[in-house]
Amino acid sequence: MLDPILKCPRCGYSTTFVRPPAACPRCKHDMLDVWYDLEALAKELPERIRERPFNMWRYRELLPLHNSANIVTLGEGGTPLVPSVNMGTMLGHEHLFIKDERQGPTGSFKDRQASLAISSMKEAGITEAVVASTGNVAISYSAYCARAGIKLWTFLTSMVPADKMREVALYGTEVIKITGTYDECKEVAANFARHRGLFLDKGLRSISARQSMKTLAFEVCEQLGLLQDGHGKWRAPDWYLQAVSGGMGPIGTYRGFEELHAMGFIDKIPRLAVLQAEGCAPMVTAFKAGRETADIVTAPRTHIATLATGNPGVAYTELRHIILKHGGAMESVSDEEAFRAMHVMAKMDGISVESATGVVFAGLFKLIGQQVIKRTETVVVNCTGHTLAVQQELLGDDWARSFEVPQAEAPSAAPQEGLLSALERLDDRMRDILIIDDNPDATLLLRRVLQAYGHYTLREAKNGRIGLDMCRAQRPDLILLDLMMPEMDGFAVLDALKHDDNLKDVPVIVVTAKELTPVERRRLSGKVQSLLQKGSFTDQDIMDALSGKEKAIDG
Ligand SMILES: *Cc1c(COP(=O)(O)O)cnc(C)c1O
Ligand SMILES: [Zn+2]
């Protein structure tokens with residue numbers, strides 16, 4: 001199959017797509033797109049997909065991944081299109097369908113995006129990445145990154161429910177809580193990625209993110225064809241509805257509808273309804289006022305974190321364009337209306353959704369009430385997500401770092417040092433500390449920090465074997481343990497300690513410059529008091545990186 005064509009919409013540059021470049025090589029525009037030879041595909045696709053399982057990779061010829069061997073999958077896509085029996089009857093709408101994206105591997109439609117985006121990262125050889133998220137992207141990317149062995153840093157606003165943050169942490173992802181808006185959060189993430197030289201996920205601007213959402217259109221039309229006439233023909237609904245934050249979902253999905261239309265698989269493109277939460281509805285406000293660009297909502301007033309994108313940027317322009325071309329509406333609903341819709345959908349049709357998805361159902365009720373959506377029309381509602389709560393007991397309290405976006409005038413508060421806060425949790429009587437580390441500079445720095453902090457008896461061992469002997473000769477109150485050492489590494493020391501009745505309860509703080517793999521993290525879990533990581537001994541380093549400061553020279 002031919003690779004698609006990569007094009008720059010700004011300068012017209014085009015080339016054969018192999019993998020997504022960071023920006024246009026000619027004009028540096030960073031929102032490129034890919035285009036397919038639809039004429040050729042129209043002939044071949046039905047035959048090619050016939051025997052494939054019903055998941056999003058069924059349409060792989062229309063997804064921009066060069067080599068299928070790089071697919072990172074958890075069985076995403078292929079979600080059911082469920083007729084809304086009771087709600088449909090109550091509303092007098094016979095043709096109301098729910099695309100149940102809750103049934104993705106992590107419970108939201110972001111699994112499509114994650115599968116393609118992480119597969120592309122794998123294809124590009126990326127091993128560490130940064131993403132800002134209103135919650136669900138972080139969860140989904142974490143799952144797929146864990147599978148692909150990619151280390152992930154997620155930046156979440158402190159508004160994201162703790163349950164969701166815990167789920168992100170459970171996958172071994174670094175969680176950075178940002179006290180600020182989602183737009184500020186994106187900026188901090190971008191600074192951090194630049195400072196660390198890490199790959200930054202571009203969200204809406206990323207080719208894979210938008211292209212992945214096409215599969216929603218493909219599936220819906222294939223499924224509707226089966227449900228509504230059964231003659232093997234695909235069929236488009238009259239309406240497609242989604243609750244919108246950044247707008248990537250419908251933008252990508254509509255490219256999918258357009259491709260199907262161009263291939264002759266469907267005979268029309270559905271009207272689009274964009275639903276937003278009233279407290280953060282920049283698109284709806286601008287659309288109703290007939291404006292071509294949206295004003296930024298700087299202080300979102302909604303409890304629905306998933307939908308709190310205040311600055312829609314180019315997404316608004318694109319969605320407005322789609323609606324002007326194919327018909328549709330933008331509408332907002334209050335948080336209360338969304339919560340009520342959650343109750344109604346759960347009680348009427350047995351479908352429990354997260355509050356962001358409550359917004360789309362509340363919007364559906366409103367648009368039907370206004371007779372914008374007519375009784376006879378076929379309606380597909382994207383049921384975007386389900387919250388799966390992670391029990392609080394599963395993780396300790398140390399699964400996130402917090403960072404306040406410094407306000408313009410007020411200097412930011414001095415962040416707490418990681419090692420010191422770890423020491424703070426230790427019992428007062430713990431005075432005898434053993435440092436096991438093969439790096440003399442590291443040992444010296446630890447010694448300095450400890451001496452500045454209190455009166456300790458400090459002992460040092462320059463490898464694991466010596467350290468263990470010293471522990472056995474005299475039981476220390478606390479061990480600071482390096483992981484990577486010759487002869488006997490930190491993991492082996494930990495194992496030996498845990499098998500020694502006299503030493504198994506000695507608290508251990510692991511201090512390591514090494515990036516831990518998920519497997520290594522698992523080996524440490526439950527065995528160490530805390531983990532100080534990242535090529536430095538305090539969180540200060542990370543905090544500096546967050547604020548874009550250069551790293552200070554030790555001394
Ligand atoms: C991301 C998300 C949305 C908003 O989607 P966009 O297309 O990015 O605006 C809505 N609902 C849920 C559950 C989501 O995870
Ligand atoms: Zn260009």
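The notes below deal with the structure included here.

1. Here's the deal with the site of ligand 1
Phase 1: Around ligand 1 sit 19 residues in total, of which Lys 110, Asn 136, Ser 245, Gly 247 and Gly 249 are the nearest.
Phase 2: Here an oxygen atom of ligand 1 sits 2.7 Å away from a polar atom, N or O, in the side chain of Asn 136.
Phase 3: Calculation on ligand 1 without its partners gives an accessible area of 380 Å², and the protein chains cover 96% of this total.
Phase 4: Considering each element in turn, the shell around ligand 1 owes the most residues, 3 residues, to helix 9 (residues 248–262).
Phase 5: Partitioning the shell around ligand 1 into residue classes produces 7 nonpolar, 10 polar and 2 charged.

2. Looking at the sheet that holds strand 2 (residues 14–16)
Phase 1: Here 3 strands make up an open sheet; going across it, the order is 2-1-3 and the pairing antiparallel. Edge positions in the sheet fall to strand 2 and strand 3 (33–35), since each of these pairs with one other strand and no more. Across this sheet, the average inter-strand angle for adjacent strands is 30 degrees, counted without regard to direction.
Phase 2: As defined by bridge partners, strand 1 (residues 5–7) adjoins strand 3 across 3 bridges and the pair is classed as antiparallel. Of the residues in strand 3, the one forming a bridge with Ile 5 is Trp 35.

3. Overview of the coordination of the zinc ion (ligand 2)
Phase 1: Those protein atoms acting as donors to the zinc ion (ligand 2) are Cys 8 (SG), Cys 11 (SG), Cys 24 (SG) and Cys 27 (SG), and they sit at 2.3 Å.
Phase 2: One can describe the site at the zinc ion (ligand 2) as tetrahedral: its 4 donor atoms subtend angles covering 104 to 113 degrees at the metal.
Phase 3: The exposure class assigned to Cys 24 is buried, which follows from its relative accessible area of 0%.

4. Quick look at helix 12 (residues 335–349)
Phase 1: Spanning 15 residues, helix 12 covers 21 Å between terminal C-alpha atoms, matching the ideal 21 Å at 1.5 Å per step.
Phase 2: For helix 12, every residue scored as buried is listed here: Asp 335, Ala 338, Ala 341, Met 345 and Asp 349. Buried residues of helix 12, viewed axially, fall in a sector of 115 degrees; they line one side. Along helix 12, exposed side chains directed more than 90 degrees from the buried face belong to Arg 340 and Lys 347.
Phase 3: Here the buried face of helix 12 lies against helix 2 (85–91), strand 5 (96–100), strand 11 (271–277), strand 12 (328–333) and helix 13 (355–369).
Phase 4: Positive phi shows up at Gly 350, right after helix 12, with a value of about 70 degrees.

5. Some details on helix 1 (residues 38–49)
Note: α-helices contain 3.6 residues per turn, so residues at a spacing of three or four share the same orientation.
Phase 1: Within helix 1 the residues assigned to the buried category are Leu 38, Leu 41, Leu 45 and Ile 49. On an axial view of helix 1, the arc spanned by its buried residues comes to 40 degrees, and they lie on one face. Turned more than 90 degrees off the buried face of helix 1, the exposed positions are Glu 39, Lys 43 and Glu 47.
Phase 2: Buried-residue contacts for helix 1 involve helix 8 (214–228) and helix 9.

6. Focus on the pattern of salt bridges
Phase 1: Within the structure shown, the criterion is met by 26 salt bridges.
Phase 2: Notably, a salt bridge pairs Glu 44 with Arg 48, separated by 3.0 Å at the nearest N-O pair. Within this pair, Glu 44 and its partner Arg 48 are both found in helix 1, separated by 4 residues, close to a single helical turn.
Phase 3: When its relative accessible area of 34% is taken as the criterion, Arg 48 is described as partly exposed.
Phase 4: Because the salt bridges share partners, they merge into one network encompassing Glu 44, Arg 48, Arg 52 and Glu 61.

7. Points about the side chain of Lys 99
Phase 1: Structurally, Lys 99 can be placed in strand 5.
Phase 2: At 2.8 Å, the side chain of Lys 99 forms a polar contact with the side chain of Gln 223.
Phase 3: Beyond its immediate stretch of four places on either side in the chain, Lys 99 contacts Thr 79, Pro 80, Leu 81, Arg 112, Leu 216, Glu 219, Val 220, Gln 223, Val 380, Val 381, Asn 382 and Cys 383.

8. Quick look at the sheet that holds strand 4 (residues 81–83)
Phase 1: Strand order in this open sheet of 6 strands is 4-5-13-10-11-12, and the pairing throughout is mixed. Across the chains shown, the open sheet's two edge strands, defined by having one partner strand only, are strand 4 and strand 12. When the angles between neighbouring strand axes are averaged without regard to direction, this sheet yields 25 degrees.
Phase 2: When strand 10 (residues 239–243) meets strand 11, the two strands line up parallel, connected through 5 bridges. Opposite Gln 242, over in strand 11, you have Val 274 as the bridge partner.
Phase 3: Contacts from helix 9 reach strand 10 and strand 11, with the element oriented near 155 degrees to strand 10.

Conventions adopted
- Note that residues are indexed from 1 along each chain, following the sequence as it is written.
- Each chain is given a letter, starting from A, and each ligand a number, starting from 1, according to the order in which they appear as written.
- Two thresholds apply to this predicted model, a pLDDT of at least 70 for residue-level local features and 80 or more for giving and counting side-chain atom pairs, whereas whole-chain, interface and lining totals are computed over all residues.
- Side-chain measures were taken over the full set of non-hydrogen atoms in the model, leaving aside hydrogen atoms and water.
- Proximity is defined per residue: if any heavy atom of the residue lies within 4 Å of a molecule or strand, that residue is considered near it.
- Residues adjacent in sequence count toward polar contacts only when both atoms are side-chain atoms; beyond that, a polar contact is any pair of N or O atoms within 3.5 Å, and within protein one must be able to donate a hydrogen and the other to accept it.
- Surface exposure here means Shrake-Rupley accessible area, sampled with a 1.4 Å probe, where a residue is shielded only by the protein chains that are shown.
- Secondary structure elements are defined from DSSP: runs of H or I of at least 4 residues count as helices, runs of E of at least 2 residues count as strands, and each element is numbered from the N terminus.
- In the scheme used here, Gly and all other residues not listed as nonpolar or charged are polar, with Ala, Val, Leu, Ile, Met, Phe, Trp, Tyr, Cys and Pro taken as nonpolar and Asp, Glu, Lys and Arg as charged.
- By this definition, two strands are paired if DSSP reports at least two bridges between them.
- Axes, fitted as lines to C-alpha atoms, cover a helix only where it is in contact. Angles between the N-to-C directions of the axes lie from 0 to 180 degrees.
- Here the term donor refers to an N, O or S atom within 2.8 Å of the metal (or 3.2 Å for Na, K and Ca), and because water is left out of the atoms, sites may appear incomplete.
- All geometry calls rest on donor angles, where a four-donor set with angles between 85 and 135 degrees is tetrahedral, four- and six-donor sets with opposite donors more than 155 degrees apart and all others between 65 and 115 are square planar and octahedral, and all else is irregular.
- Partly exposed describes any residue whose relative accessible area lies between the buried limit of under 20% and the exposed limit of over 50%, with all areas from a 1.4 Å probe on protein chains only and scaled to the type maximum.
- By definition here, a helix of n residues has an expected span of 1.5 Å times n minus one.
- The arc in question is formed by the directions pointing from the helix axis toward the C-beta atoms.
- Two residues qualify as a contact provided that any one of their heavy atoms is within 4.5 Å of a heavy atom in the partner residue.
- Counted as salt bridges are all cases of a side-chain nitrogen of Lys or Arg within 4 Å of a carboxyl oxygen of Asp or Glu.

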